[in-house]
Amino acid sequence: MGLALTLGCVGEAGTAEALEESAHEFSTTPGEPNHEEITRTALAFLKPAVLDALTIGNVATDVEFHFANTAHFDDCNFSGGAAFVAAKQAEAVRALGPGIALLDGDALAMLAFANSLHAVQDFYAHTNWVELGGDVLVDQSLTAFPALRPYSAIPSTGFVVVQGAKPKGMAVVRDDDAPYPDYAVVTVRHRRTTAYGLVSGTVDYEAGDYCPRPVAMTHDELSKDKTSLAGRTAQHLAAKSLATRQTRHEWCRLNQLARDAWGDAGTQRLAAWVADPSSAPDCSTE
């Protein structure tokens, strides 16, 4: 049965059926289905067919955007990754507007939102956020996902975004001879101030490498994608927990963006995706 049939008023037939048929091709199983688990745990209050569509669209991001570091926060391309998330969520909001047919719009919105979720989930597994001691979300606002500008400080932690050529007078260092996780700790020194530096792993087949050479690490050296990575189980679990919390928060962001764009009609469209309102997040507090 196609997703359009199980969704009722949600989902366009061609798009939804194509997503469903892609489920096995794009799933991360028989490996560790971490994107699937994070999405299903964080958004368990949604209708099963909506959750299926979001999960499939999430893992399909690895194929559709396989060579784009922006979709995975790789190669220290933080400004590109943040722009990808914001653009995909804006795309989802536009699809919920009155100018697109109900069924078509919901299917397009689900796919775009799913793409954005993949990126924010990768943020915690592909960067040194956890190794720096980050135990809060990168962002908890309800406005558009914030720009992460090179060598700016992230308000929630004070970590400095390390991307591209460093400003004059700044030093960016790490001890690459230290054992993990210490070798993933990057320090930024500028004038009389010292802060932790946020970096992500480099991927050879993705275009663009913005990691300064003195602190660069490969994806394999830094990623926390799997529990099977020796010596990184605790960091993997921490990254997965943060990714789950961020995913749940992104639902709140999407609702607010839809309200800002379309008023009550926008939030009502998203309310039709929900199976159990009692377990949905209270977006006034999360």
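About the thresholds
Residues numbered from 1 in each chain as written. Predicted model: local features only at pLDDT ≥ 70, side-chain atom pairs only at ≥ 80, totals over all residues. Heavy atoms only, no water. Helix = DSSP H or I, 4+ residues; strand = E, 2+ residues; numbered from the N terminus. Expected span 1.5 Å × (residues − 1). Buried < 20%, exposed > 50% of the residue type's maximum accessible area, 1.4 Å probe, protein only. Polar contact = N/O pair within 3.5 Å; in protein donor to acceptor, adjacent residues only side chain to side chain. Phe/Tyr/Trp six-rings, centres within 6.5 Å; stacked < 30°, edge-to-face > 60°. Pairing = 2+ DSSP bridges. Contact = heavy atoms within 4.5 Å. Salt bridge = Lys/Arg side-chain N within 4 Å of Asp/Glu carboxyl O. Disulfide = S-S within 2.5 Å.

Asker: Sorry if this is basic, but what is going on with helix α6 (residues 78-95) here?
Answerer: Each full turn of the α-helix corresponds to 3.6 residues, which orients residues three or four apart in the same direction. The end-to-end C-alpha distance of α6 is 26 Å, a good match for the 26 Å that 18 residues give at a rise of 1.5 Å each. For α6, the full list of buried residues reads Phe78, Gly80, Gly81, Ala82, Phe84, Val85, Lys88, Gln89, Ala92, Val93 and Ala95. Measuring from the backbone nitrogen of Gly80 back to the side-chain oxygen at the start of α6 gives 3.0 Å, which picks out Asn77 as the cap.

Asker: Which parts of the structure should I look at to understand the packing of aromatic side chains?
Answerer: What describes a pair of aromatic rings is the distance from one ring centre to the other and the angle between the planes of the rings. Taken as a whole and judged by the stated rule, the model has 13 aromatic pairs. Centre to centre, the rings of Phe78 and Phe123 are 6.4 Å apart; their planes meet at 70 degrees, and the pair counts as edge-to-face. With Phe78 in helix α6 and Phe123 in helix α7 (residues 102-126), this pair connects stretches of sequence that are 45 residues apart. Taking the centre distance of 5.1 Å and the plane angle of 75 degrees together, the rings of Trp129 and Phe159 count as edge-to-face. A residue pair is termed long-range when its members are at least 10 positions apart, and Trp129 in the loop between α7 and β1 (160-161) and Phe159 in the loop between α7 and β1 qualify at 30 residues.

Asker: I tried to follow the pairing of strand β4 (residues 193-198) on my own but got confused; where do I start?
Answerer: Where a strand is regular, its side chains alternate between the two sheet faces. Relative to β4, β1 is paired through 2 bridges, and the arrangement is parallel. When the bridges of β4 are listed, Val160 appears paired with Gly197. With 5 bridges connecting them, strand β3 (residues 186-190) and β4 associate as antiparallel partners. Bridge pairing links His190 to Thr193 in β4.

Asker: Teacher, can you tell me more about the sheet that holds strand β2 (residues 170-173) here?
Answerer: Backbone hydrogen bonds hold the strands of a sheet together, and the pairing may be parallel or antiparallel. With mixed pairing, the 4 strands of this open sheet are ordered in space as β1-β4-β3-β2. At either margin of the open sheet sits one strand with a lone partner, and together these are β1 and β2.

Asker: Just to check I follow, could you spell out the environment of Asn128 for this structure?
Answerer: Within the secondary structure, Asn128 sits in the loop between α7 and β1. A residue is classified by how much of its surface remains accessible, and Asn128, at 0% relative accessible area, is buried. Counting along the chain gives 69 residues from Asn128 to Gly197, while the straight-line C-alpha distance between them is 8.6 Å. Look past the residues within four positions of Asn128 in its chain and what remains in contact with it is Ala184, Val186, Gly197, Leu198, Val199 and Leu222. Within the structure, the side chain of Asn128 is placed 3.1 Å from the backbone oxygen of Gly197, a separation counted as a polar contact.

Asker: Any chance you could explain the pattern of salt bridges here in plain terms?
Answerer: Where charged atoms from two side chains of opposite charge come close, those side chains can pair. Following the criterion strictly, the structure yields 8 salt bridges and no others. The shortest N-O distance in the salt bridge between Asp106 and Arg269 comes to 3.0 Å. Of this pair, Asp106 sits in helix α7 while Arg269 sits in helix α10 (residues 264-271), placing them 163 residues apart in sequence. Here Asp106 matches Arg269 in class, with each residue buried. For Glu250, the salt bridge is made with Arg253, and the minimal N-O distance between the two is 2.7 Å. With a gap of 3 residues between them, Glu250 and Arg253 both fall in helix α9 (residues 233-262), about one helical turn apart.

Asker: Is there a simple way to think about the environment of Ala82 in this case?
Answerer: In this structure, Ala82 sits in helix α6. When near neighbours in sequence (up to four residues on either side) are disregarded, Ala82 contacts Phe73, Phe145, Pro146, Ala147 and Leu148.

Asker: When you look at the state of the cysteines in this model, what are you seeing that I'm missing?
Answerer: Note: disulfide means a covalent bond formed between the sulfur atoms of two cysteine side chains. By the definition in use, this model includes 2 disulfides. Across the disulfide, Cys76 is cross-linked to Cys211 (sulfur-sulfur distance 2.1 Å). For the disulfide bridge between Cys76 and Cys211, the dihedral angle about the S-S bond is near 100 degrees, and by the sign convention the bridge is right-handed. A residue pair is termed long-range when its members are at least 10 positions apart, and Cys76 in the loop between α5 (48-64) and α6 and Cys211 in the loop between β4 and α8 (219-222) qualify at 135 residues. For the residue pair Cys76 and Cys211, the accessibility class agrees, reading buried in each case. Across the disulfide, Cys252 is cross-linked to Cys283 (sulfur-sulfur distance 2.2 Å). Where Cys252 bonds to Cys283 through sulfur, the torsion about that S-S bond is close to -80 degrees, and the disulfide is left-handed. With Cys252 in helix α9 and Cys283 in the segment after α10, this pair connects stretches of sequence that are 31 residues apart.

Don't take any of this as a statement about function, it's just geometry.
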